[in-house]
Amino acid sequence: LDEAWRLWQATSGEGVDAAASNRYRLEQARLALARGDASAAEAALVQVVAPANAALLPLQLDQAYADVLLAHARLQQQRPADAAALAQRVVAAVRASPVRARFARLEAEASLRLGQALLRRGDARAARAALEQAVALRQASEAPSSPWLAEAQVALAQSLLELGDVKAARVLIDKAQAIHAANVELGEHFKAPLARLSQRLSQRLAQR
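A short tour of the structure in this document, coming up. Computed from a prediction, not measured in an experiment: that's the story for all the values here.

**Topic: the overall build of the protein**
Alright, step 1. Broken down by element type, the protein carries ten helices and zero strands.
Alright, step 2. In terms of overall size, the protein behaves like a compact globule, its C-alpha atoms giving a radius of gyration of 18 Å where 208 residues would be expected to give roughly 17 Å.
Alright, step 3. Looking at the protein alone, contacts between residues at least 24 apart form 60% of all its contacts between residues at least 6 apart.
Alright, step 4. When the accessible surface of the protein is split by element, carbon and sulfur atoms take 51% of a total near 11,100 Å².
Alright, step 5. Side chains of the protein give 26 positive and 21 negative charges; the mean places of these two sets differ by 7 Å.

**Notes on helix 7 (residues 124–141)**
Alright, step 1. Taking 1.5 Å per residue as the helical rise, helix 7 with its 18 residues ought to reach 26 Å, and the 25 Å between its terminal C-alpha atoms agrees with that figure.
Alright, step 2. Looking only at helix 7, the buried set comprises Ala124, Ala127, Ala130, Leu131, Ala134, Val135, Leu137 and Arg138. Each buried residue of helix 7 sits inside an arc of 165° when the element is viewed along its axis, so together they form one side. Helix 7 presents Arg125 and Ala140 as exposed residues on the side facing more than 90 degrees away from its buried surface.
Alright, step 3. Those residues of helix 7 that are buried lie in contact with helix 6 (104–120) and helix 8 (147–162).

**Brief notes about the pattern of salt bridges**
Alright, step 1. For the structure shown, the criterion picks out 13 salt bridges.
Alright, step 2. Notably, a salt bridge pairs Arg113 with Glu151, separated by 3.4 Å at the nearest N-O pair. Here Glu151 lies in helix 8 and Arg113 lies in helix 6, a separation of 38 residues in the sequence. The pair Arg113 / Glu151 is uniform in exposure class, with both members buried.
Alright, step 3. Where Glu162 meets Arg200, a salt bridge forms, and the shortest distance between an N and an O atom there is 3.1 Å. Placement of Glu162 in helix 8 and of Arg200 in helix 10 (residues 188–206) is noted, with a sequence separation of 38 residues between them.
Alright, step 4. Overlapping salt bridges, with partners in common, bring together Arg95, Arg100 and Glu107 in one network.

**Section: the side chain of Glu142**
Alright, step 1. Mapped onto the fold, Glu142 is located in the loop between helix 7 and helix 8.
Alright, step 2. Of note is the side chain of Glu142, whose polar atom sits 3.4 Å from the side chain of Arg105.
Alright, step 3. Excluding its chain neighbours within four sequence positions, the residues that come into contact with Glu142 are Arg105 and Trp148.

**A short note on unusual backbone geometry**
Alright, step 1. A positive phi angle is found at Gln78, which is not glycine, with a value near 60°.
Alright, step 2. Its location among the elements puts Gln78 in the loop between helix 4 (61–76) and helix 5 (80–96).
Alright, step 3. Classification of Gln78 as exposed rests on a relative accessible area of 58%.

**Some words on the packing of aromatic side chains**
Alright, step 1. Counting across every chain of the model gives three aromatic pairs.
Alright, step 2. Ring geometry for Trp148 and Phe190: centres 5.6 Å apart, planes at 90°, overall edge-to-face. Residue Trp148 is located in helix 8, and its partner Phe190 is located in helix 10; the two are separated by 42 residues in the primary sequence.
Alright, step 3. An aromatic cluster is built from Trp5, Trp8 and Tyr24, whose rings are joined through pairwise contacts.
Alright, step 4. Over the aromatic face of Trp8 sits the side chain of Arg23, whose NZ or CZ is 5.0 Å from the ring centroid.

**Some details on the packing of helix 8 against helix 9 (residues 166–181)**
To characterise two packed helices, one gives the angle between the axes of the helices and the distance between these axes.
Alright, step 1. Between helix 8 and helix 9, the shortest axis-to-axis distance is 8 Å and the interhelical angle comes to 160°. In terms of their interaxial angle, helix 8 and helix 9 are classed as roughly antiparallel. The two elements helix 8 and helix 9 cross, and the hand of that crossing is left-handed. Judged by residue contacts, Pro147, Leu149, Ala150, Gln153, Val154, Leu156, Ala157, Leu160 and Leu161 of helix 8 engage Val166, Ala168, Ala169, Leu172, Ile173, Lys175, Ala176, Ile179 and His180 from helix 9.
Alright, step 2. Of the residues in the contact of helix 8 with helix 9, the class split is 15 nonpolar, two polar and one charged.

**Section: helix 5**
Alright, step 1. The end-to-end C-alpha distance of helix 5, which contains 17 residues, comes to 24 Å, matching closely the 24 Å that a straight helix rising 1.5 Å per residue would cover.
Alright, step 2. Buried positions along helix 5 lie against helix 4 and helix 6.

Reading the values: the criteria
Residues numbered from 1 in each chain as written. Predicted model: local features only at pLDDT ≥ 70, side-chain atom pairs only at ≥ 80, totals over all residues. Heavy atoms only, no water. Helix = DSSP H or I, 4+ residues; strand = E, 2+ residues; numbered from the N terminus. Rg over C-alpha atoms; globule rule 2.2 N^0.38 Å. Contact = heavy atoms within 4.5 Å. Areas by Shrake-Rupley, 256 points an atom, 1.4 Å probe, with all protein chains shown as cover. Lys, Arg positive; Asp, Glu negative; His and termini not counted. Charge placed at Lys NZ, Arg CZ, Asp CG, Glu CD. Expected span 1.5 Å × (residues − 1). Buried < 20%, exposed > 50% of the residue type's maximum accessible area, 1.4 Å probe, protein only. Arc of directions from axis to C-beta. Salt bridge = Lys/Arg side-chain N within 4 Å of Asp/Glu carboxyl O. Polar contact = N/O pair within 3.5 Å; in protein donor to acceptor, adjacent residues only side chain to side chain. Phe/Tyr/Trp six-rings, centres within 6.5 Å; stacked < 30°, edge-to-face > 60°. Lys NZ or Arg CZ within 6 Å of the ring centre and 35° of its normal. Axes fitted to C-alpha atoms, helices over the stretch in contact; angles between N-to-C directions. Parallel < 35°, antiparallel > 145°, perpendicular 65-115°, else oblique. Left-handed = near helix turned anticlockwise from the far one by under 90°. Nonpolar A, V, L, I, M, F, W, Y, C, P; charged D, E, K, R; others polar.

So this is what it looks like as structure tokens:
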């Protein structure tokens, strides 16, 4: 990403819309979040700007991606209320857009962050609805072995476990574990949540 950014700066020249740099900022933020560095992610996201033709667009796409990534950062910063507000704004914007069908992955990510934020706030029932939507969207837009699908399944399983539905949670955990087994080079940002949830499930089963 650093090399891509240097090449872009060297070749873009004068007069280029500043929003053309947004794609680099968004990817820098995504990498920072995968590393658990919410501050670095936020530093990249504040540099995302609206394009010159923003008023003509059916969906403010770069801003929507920036908001959903910032929601993730807020979760890492233990600020679930802020995360929920940002994610809900993206969900609403995508659903109101005439091009909604083209951005299922964005809606899925926003629904995931919304569900995670609601879960952090103690509202497992509302979280479940958002996370079911995230799983459904990712099932429709990702490969069956996608780690992003497993990410949503883990979050939904967590909400189900909170609601006492151990059997349904176990089914989702098993599915996520199968996906992880098919993707041997996953980073800790994927593996750690599943490991923690699997341990919680084992403890719950042991108490029965």
